[in-house]
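# Topology and contacts: notes
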Amino acid sequence: MLHALVRTPAEPFSCARRLLHSATAPLSKETGLYGFDHLKTAKGFQRMVDDAIERSNELVNYIAGMPSAPEIIRSMDEISDTVCTTIDSAELCRHTHPDREFVEEASRASLRLNEYLHYLNSNPSLYHAIVKAEQNNHMLTEEARRAARHLRIDLEKGGIHLSPEKLDRVNQLNIEILQLCRQFNENIITDPGHVDIFPASHLPKKLHHLAKTIYRPSSFASKRSTGPDSNLKERGFRLVTEPSTLCSILQLASDAEVRKMAYIRGNSVPRANLVVLDKLLAARHEFAEIMGYRSYAEFALKDNMASSPEVVLSFLHEMSNMVRPKAEEEFKKILDFKMGESGQLVEDLEPWDEPYFTRMMKSAAQNLDYSKLRTIKSCSGGVPEGHVTQIENDHDNILYNFSGGCVIFFSLPQCIEGLKVLAESLFGVKCHDIPLGHGESWHPDVLKLSLHHPDEGDLGYLYLDLKSRKGKHPICAHFAIKGGRRISKTDYQLPIVALVCNFSGSNFASVHLHHSDVETLFHEFGHALHSLLSRTDYQHFSGTRVVLDFAETPSNLFEYYAWDYRVLRKFAKHNSTGDPIPEKLVKSLIGAKNMFAATELQRQVFYALIDQALHTMQPLSVKDTVSIVADLKREHTSWKYVEGTHWHTRFSHLVTYGAGYYSYLYAKCFAATIWQKTLQQDPLSPAAGSALRSKFLQHGGAKDPTIILNDLVGNCVVRKQNGGIIPDITNLGEEMQLFNSS
């Protein structure tokens, strides 16, 4: 948890003035990782930290001399820019670099600078200077006044106003929280769990490639036998229950007992995270109490659009009530289908039934031939990346990827062309492939694009690291390596971002995406465009550096493009014939998506309610977190809670979005309104794209999000409630046909 000068550790980005980046360096010049000269070797991260601290200390001393208000803001922003460069570059390296030495050095660099941040965030000279700048706001531009206010609030959220003893404890808690968050995520990766299936005949052949053959003593062999049958062994399969494999089992295994075993084992790991989560929630609660708040949720939400847990809960209960009738209808349809398949009276559905039967129902209703599919790769559910980051692996009742045989229309190179089509059609910018400098890349699969406008020149740079590989974290995320900021009246620091995904294939050209992968790619591209097209004076507001419950809006908006035939036909081509994707297939995909959309929305509301509950109540025990999840599932869904499971120990958003998971639902509502009001009629309209850029994307966090939304679509998009702002849910409800027409 970083406060003040660095607002979100998952948004890598900026560049100290001493660091030469390859975007401006001659291509023939040997450079280092991400174009930073220091990073020619892994040890260079320590040199980057040294230089960042040295430059920041120079700026702290300058600010302590109380220069003019504009100089205070500019210098504070340069500190943020300098420190963020190293931390966020290190985070990108930790998640993607194949060289273990680079990963370890990046981890050390990140931790070291996080400790330095506590010095900055508790420095009284900086606080007094920013208070002075805010008082002399007549000397500041509107964006600078906003920056002064945000910097003061962020320093106060870091505990600058506390007694020395309390401030020391806050700093200790911040380090503890950071380490617990890392441990939680590491446990998810290192302990995915497994399930053993005996006999081998119980596992469908189409899942064999995911399994490892194992043996156990045959039940037919007597322990005391010394005859020829004494060495008989029974053949079976072991499957690692990481999310994508678990998803495939739950969809494709016709044996209910196999699905049950996989579900329970997959949702009962990592057990160590029960204790880690308990410690994390306790640390966050203690931190919030020291800061003068009743709960961590109250602390975290104070400066968001929602402003309080009460407003968030009001919104979530409104969403829950809106979606419940249709979700219950969908539940009954699945139950009826299960009875029809079994030929006997079935009283209830089990959680491991949902992926299996809904897949069958979609296939039949939409006439999509699963016999032509390659094995389903992933399931989409809660988002981690995570962010950022969006990470689509954390969930209870795992969903399915209903992409059909359309993998043949979505080769990765074609999908990248689709991103280029979007950028040029909407914003008039071309995405040019540019060569990477020697030492700049971290893997041969990495591509680099420049966004170029015919009148404005280069707008920014985008790295694409989209293919899975051994040792790479299984995330889909956007990293802002460098935030945009104004350096002088004539010079602007161009943003540089990385878009990271994990699409499988033996080589880059052979990667073919399922349609849900395409949606994920477009989601992350929405984040990237927010960073690349923003033109803020201060990197503190660059791109996605906005309040949390506004940050996911562009990414959710760009998901719509993955479902629009008018867009898909421009790049989705058959890999053999070159024919565009048939409109009929796209309609079938949309039909399949809509069949159980209410169930999925209800699930997301349930996740958000868990996040709020865990961060609102008093310090909990392991037993308490499990019972809270169980109670909320019974109250807000039609599905059973399975005793002994604790799927929330794989829900990484609890650590990355603590008390903020509701933001995805805010974004979903905002995006539905923006799409319907400005883009649906002509999704590639240059006029609509110009409005989207000038009224929304270019402002980053430099403008109040409510003003941005009202400027773009009018006052139909938000409502005031109990001192906070909530989205209008009407357009989303109508889109999903959640309202009774009568």
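Here the structure is a predicted model, which means the values were calculated and not measured. (Residues numbered from 1 in each chain as written. Predicted model: local features only at pLDDT ≥ 70, side-chain atom pairs only at ≥ 80, totals over all residues. Heavy atoms only, no water.)

With that settled, consider the overall build of the chain. The secondary structure content of the chain amounts to 25 helices and 12 strands. Among the 742 residues that make up the chain, the fraction classed as buried is 62%. As displayed, the chain offers around 28300 Å² of accessible surface, 51% of which is attributable to carbon and sulfur atoms. (Helix = DSSP H or I, 4+ residues; strand = E, 2+ residues; numbered from the N terminus. Buried < 20%, exposed > 50% of the residue type's maximum accessible area, 1.4 Å probe, protein only. Areas by Shrake-Rupley, 256 points an atom, 1.4 Å probe, with all protein chains shown as cover.)

Here the focus is the packing of helix α6 (residues 164-190) against helix α9 (residues 272-290). Relative orientation of the contacting elements α6 and α9 amounts to 155 degrees, with a least axis distance of 9 Å. It follows that α6 is roughly antiparallel to α9 by the angle criterion. At the point where α6 passes α9, the crossing takes the left-handed sense. Split by residue class, the contact of α6 with α9 holds 14 nonpolar, four polar and six charged. (Axes fitted to C-alpha atoms, helices over the stretch in contact; angles between N-to-C directions. Parallel < 35°, antiparallel > 145°, perpendicular 65-115°, else oblique. Left-handed = near helix turned anticlockwise from the far one by under 90°. Nonpolar A, V, L, I, M, F, W, Y, C, P; charged D, E, K, R; others polar.)

Within the secondary structure, F479 sits in strand β7 (residues 477-482). The spacing of F479 and L499 is 20 residues in sequence and 6.4 Å in space, taken between C-alpha atoms.

What follows is about helix α8 (residues 256-266). Within α8, burial applies to V258, R259, A262, Y263 and G266. The buried residues of α8 all sit within an arc of 130 degrees when viewed along its axis, so they share a single face. A side-chain oxygen of the first residue of α8 lies 2.8 Å from the backbone nitrogen of E257; this N-cap is D255. (Arc of directions from axis to C-beta. Polar contact = N/O pair within 3.5 Å; in protein donor to acceptor, adjacent residues only side chain to side chain.)

As summarised here, the arrangement of the five strands in space is β4-β5-β6-β10-β7, forming an open sheet in which the pairing is mixed. Edge positions in the sheet fall to β4 (430-433) and β7, since each of these pairs with one other strand and no more. Neighbour to neighbour, the strand axes of the sheet diverge by 30 degrees on average, direction disregarded. Alignment of strand β5 (residues 447-453) against strand β6 (residues 457-467), held across seven bridges, turns out to be antiparallel. Following the sheet pairing, K448 is matched in β6 by Y463. (Pairing = 2+ DSSP bridges.)

In total, this model carries 29 aromatic pairs according to the counting rule given. Geometrically, the ring pair formed by Y666 and F670 is edge-to-face, given 5.9 Å between the ring centres and 85 degrees between the ring planes. Of this pair, Y666 and F670 both sit in helix α22 (residues 663-679), four residues apart, which is roughly one turn of that helix. Like F670, Y666 is buried. A connected cluster of aromatic rings, assembled from ring pairs, spans F606, Y607, W647, F651, Y657, Y661 and Y664. Over the ring of F299 we find K157, and its NZ or CZ is 5.0 Å from the ring centre. (Phe/Tyr/Trp six-rings, centres within 6.5 Å; stacked < 30°, edge-to-face > 60°. Lys NZ or Arg CZ within 6 Å of the ring centre and 35° of its normal.)

Attention now goes to the pairing of strand β3 (residues 233-240). Along any regular strand the residues' side chains alternate between the sheet's two faces. The pairing of strand β1 (residues 194-197) with β3 spans four bridges and is antiparallel. Residue I197 lies in a different strand from β3, and its bridge partner there is F237. Inspection of the sheet shows strand β2 (residues 212-217) paired to β3 by six bridges, in the antiparallel sense. Paired with T213 across the strands is F237, a residue of β3.

On to unusual backbone geometry. Here the bond from F198 into P199 is cis, since omega is -10 degrees, no more than 30 degrees from zero. In this structure, P199 sits in the loop between β1 and β2. Cis geometry marks the peptide bond from V269 to P270; its omega dihedral reads -10 degrees. Backbone geometry places Y34, a non-glycine residue, at a positive phi of 60 degrees. Mapped onto the elements of the fold, Y34 is located in the segment before α1 (44-64). Residue classification places Y34 among the buried residues on the basis of a relative accessible area of 0%.

A word on the confidence of the model for the chain. Residues of the chain with pLDDT of at least 70 account for 89%, and the chain-wide mean is 89. Counted against residues more than four places away or in other chains, residues 1-26, with its pLDDT under 50, gives 117 contacts. In this model, residues 380-404 is a region of pLDDT below 50 whose contacts with residues beyond four sequence positions or in other chains number 137 contacts. (pLDDT = per-residue confidence, 0-100. Contact = heavy atoms within 4.5 Å.)

Across the sheet, which stays open at both edges, the three strands sit in the order β1-β3-β2 with antiparallel pairing between neighbours. The two strands at the open ends of the sheet, each matched to only one other strand, are β1 and β2. Neighbour to neighbour, the strand axes of the sheet diverge by 35 degrees on average, direction disregarded.

Turning our eyes to something else, we now look at helix α13 (residues 412-427). Helix length check: α13, at 16 residues, gives a terminal C-alpha distance of 23 Å against a target of 22 Å (1.5 Å per residue), a fit within 8%. Buried within α13 we find L412, Q414, C415, I416, G418, L419, K420, L422, A423, L426 and F427. Phi turns positive one or two residues past the end of α13, at G428, with a value near 70 degrees. (Expected span 1.5 Å × (residues − 1).)

This paragraph deals with the packing of helix α11 (residues 309-342) against helix α12 (residues 354-366). For the pair α11 and α12, interaxial distance at closest approach is 10 Å and the crossing angle is 85 degrees. Classified by the angle their axes make, α11 and α12 are roughly perpendicular. Judged by residue contacts, K333, I334, F337, K338 and E341 of α11 engage F357, T358, M360 and M361 from α12. Split into classes, the residues belonging to the contact of α11 with α12 amount to five nonpolar, one polar and three charged.

Along the polypeptide, R650 turns up in the loop between α20 (622-636) and α21 (653-656). Reaching out from R650, the side chain makes a polar contact with the backbone oxygen of P192 at a distance of 3.1 Å.

As a further point, take the state of the cysteines. Across all of its chains, the model carries zero disulfides by this definition. The thiol of C476 is not disulfide-bonded; the next cysteine sulfur, from C501, is found 4.0 Å away. Residue class for C476 comes out buried when judged on its relative accessible area of 15%. (Disulfide = S-S within 2.5 Å.)

Below, the discussion takes up the environment of A672. For A672, the position within the fold is in helix α22. Taking the C-alpha atoms as reference points, A672 and I729, 57 residues apart in sequence, are found 8.8 Å from one another. When residues no more than four places from it in sequence are discounted, the contact partners of A672 are Y560, N731, L732 and E735.

This part takes up the pattern of salt bridges. Where charged atoms from two side chains of opposite charge come close, those side chains can pair. Counted under the stated rule, the structure contains 42 salt bridges. Ionic pairing is found between E105 and K43, a salt bridge with its closest N-O pair at 2.9 Å. Here K43 lies in the segment before α1 and E105 lies in helix α3 (residues 100-121), a separation of 62 residues in the sequence. Here the salt bridges do not stand alone but share partners, grouping R55, E58, E71, R74 and E78 into one network. (Salt bridge = Lys/Arg side-chain N within 4 Å of Asp/Glu carboxyl O.)

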